[in-house]
Amino acid sequence: MKKYRIGIVGATGAVGQEIIHLLEKREFPVAEARLLASSRSAGREIQACGNLEVVKETNSDSFKNLDIAIFSAGSQNTVTFADAARKSDCVVIDNSSAFRMDKDVPLVIPEINGDALESHKGIIANPNCSTAVALMGLYPLHKRFGLKRFFASTYQAVSGAGAEGVTELENQVKNQISNEPSPPPPDSDPVFQHPIAFNLIPHIDDFREDGYTKEELKMRNETRKILGIPSIQVSCTCVRVPVLRAHSISINAEFDSPVNVPDARTTLENFEGVELWDLPNALRYPMPINYSEKELCGVGRLRLDHGFSNGLAFWVVGDQLWKGAALNAVQIAEELISRKCLKNL
Ligand SMILES: NC(=O)c1ccc[n+]([C@@H]2O[C@H](COP(=O)([O-])OP(=O)(O)OC[C@H]3O[C@@H](n4cnc5c(N)ncnc54)[C@H](OP(=O)(O)O)[C@@H]3O)[C@@H](O)[C@H]2O)c1
């Protein structure tokens, strides 16, 4: 079997570490795993795909002789290095928002629009984490009933803000429980603008003039691009919650065709990548603790929405470090190989 040389930019971060884990778990045919990060982590040793690898500082020569580079190091680093990767004939799969809305860059969830990979020009974007999880529930229902508009409220885990977000929540919880005085302010700015332990913060990313945040607009704009429906109406509120891992989203959706719950259940049960976990009387519904480190997204609390004529309300939960980032990126890499659309095949 042919093996591939993979670069992981941001290998030391929350997403990068999961990429390494998933390449191993899914037995991706890896010939070389090249671990790249900033100068801060250069020289660190990390076990990856059967070898002890030394992390290297990313520079424009980092991509020579690589087939694929998965970037998870923030938009600025994608903008800085993606072109160097492309020039080395290395296909970029990017977890940042840098190129998601670029018309020449496919924005892909393999179970939904894997076909879009066929026209890539060297960069493929991974969707925003909440959008990816929401669409895993919405897309099959859209195929069955025709999606018209939806409202979403997200409950986003702290690991969505990176490894430092997790540390911040853990430290705040420890300090509050032990009643210790607050530690001195850290050298760097806190990740969250308010205490996150035992709190909710209805604000993720910068506010825009219309009162929405950039994160909320990603749900609308990326949904339009992935589903190919530019007119779809979406209103979203994104909330950071004191959960370590896995995002949850409450969705109220209106459809073109009449809906019914039995058909909606069958539709979801038959969709790859989703699990219907919906027996309210047995207290069975998806929760972040059950969907952390799980490849499937869970849908539950499925019911007719009393606010619309053709409406469904449901709750979808998925590991945003996996389906919202690392897993989706590795699936894209697998799909590029199986579709024979890696440039240097
Ligand atoms: N966390 C999520 O759930 C999630 C979901 C979807 C998308 N994303 C996206 O994925 C990216 C990474 O997120 P994360 O949560 O993994 O963040 P993170 O835990 O803070 O990790 C950031 C990574 O970027 C690296 N990095 C920083 N500056 C760099 C530079 N100049 N050159 C090369 N590497 C550099 C860091 O390396 P050092 O160790 O050297 O600092 C680290 O490996 C972001 O674009 C984020 O928006 C995250």
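All figures in this text were calculated on a predicted structure; none of them were measured in a lab.

*Asks:* Could you clarify how one ought to interpret the site of the ligand in this entry?
*Replies:* The environment of the ligand is formed by 26 residues, the closest being Thr12, Val15, Ser38, Ser41 and Ser159. Measuring from an oxygen atom of the ligand, one finds a side-chain N or O atom of Thr12 at 2.5 Å. With respect to the ligand, the side chain of Gln320 contributes an N or O atom lying 3.1 Å from an oxygen atom. Relative to its unbound accessible surface of 900 Å², the ligand loses 79% to contact with the protein. Mapped onto the shell around the ligand, the elements with two or more residues apiece are helix H1 (14-25) and helix H9 (322-338). Taken together, the residues that form the shell around the ligand break down as nine nonpolar, 16 polar and one charged. Mapping the shell around the ligand onto the domain boundaries places at least three of its residues in each of domain 1 (4-127 + 325-338) and domain 2 (131-320).

*Asks:* Hey, could you run me through the sheet that holds strand S14 (residues 311-318) in this one?
*Replies:* Pairing between sheet strands relies on hydrogen bonds along the backbone, with the strands arranged either parallel or antiparallel. Strand order across the open sheet formed by six strands is S10-S9-S11-S14-S13-S12, with mixed pairing between neighbours. Lying at the two open borders of the sheet, with one neighbouring strand each, are strand S10 (233-240) and strand S12 (274-276). Direction aside, neighbouring strands of the sheet carry axes that sit 20° apart on average. Judged from the three bridges that link them, S12 and strand S13 (residues 297-304) form a sheet pairing that is parallel. Bridge pairing links Val274 to Cys297 in S13. Here helix H4 (residues 129-145) sits on the sheet in contact with strand S9 (147-156), strand S11 (247-255), S12, S13 and S14, set at roughly 30° to S11.

*Asks:* Got a minute to help me understand the domain arrangement of the chain in this structure?
*Replies:* One frequently used descriptor of interface size is the decrease in accessible area upon assembly of the parts. By domain assignment, the chain separates into domain 1 (4-127 + 325-338) and domain 2 (131-320). Between the C-alpha centres of domain 1 and domain 2 there is a distance of 25 Å. Overall, the association of domain 1 and domain 2 removes approximately 1,600 Å² of surface from exposure, summing both partners, and the carbon and sulfur fraction of that is 60%. The interface formed by domain 1 and domain 2 holds four salt bridges in total. Across the pair Arg245 and Glu18 runs a salt bridge whose closest N-O atoms are separated by 3.1 Å. On inspection of domain 1 and its partner domain 2, the count reaches eight residue pairs in polar contact (both at pLDDT 80 or more). The set of elements that each furnish at least two residues to the side of domain 1 that touches domain 2 consists of H1, helix H3 (110-113) and H9. Here the element with the most residues in the side of domain 1 that touches domain 2 is H1; it accounts for five residues.

*Asks:* Hey, could you run me through the side chain of Glu216 in this one?
*Replies:* Mapping Glu216 onto the fold places it in helix H6 (residues 214-227). Despite its burial, Glu216 pairs with no opposite charge, the nearest such side chain being Arg208 at 7.7 Å. A distance of 2.8 Å separates the side chain of Glu216 from the backbone nitrogen of Thr213, its partner in a polar contact. Not counting residues up to four positions away in its chain, the partners in contact with Glu216 are Cys236, Thr237 and Cys238.

Cut-offs and rules
Residues numbered from 1 in each chain as written. Predicted model: local features only at pLDDT ≥ 70, side-chain atom pairs only at ≥ 80, totals over all residues. Heavy atoms only, no water. Near = heavy atom within 4 Å. Polar contact = N/O pair within 3.5 Å; in protein donor to acceptor, adjacent residues only side chain to side chain. Areas by Shrake-Rupley, 256 points an atom, 1.4 Å probe, with all protein chains shown as cover. Helix = DSSP H or I, 4+ residues; strand = E, 2+ residues; numbered from the N terminus. Nonpolar A, V, L, I, M, F, W, Y, C, P; charged D, E, K, R; others polar. Domains from an automatic or database assignment. Pairing = 2+ DSSP bridges. Axes fitted to C-alpha atoms, helices over the stretch in contact; angles between N-to-C directions. Contact = heavy atoms within 4.5 Å. Buried area = accessible area lost by both parts, 1.4 Å probe. Salt bridge = Lys/Arg side-chain N within 4 Å of Asp/Glu carboxyl O. Buried < 20%, exposed > 50% of the residue type's maximum accessible area, 1.4 Å probe, protein only. Lys, Arg positive; Asp, Glu negative; His and termini not counted.

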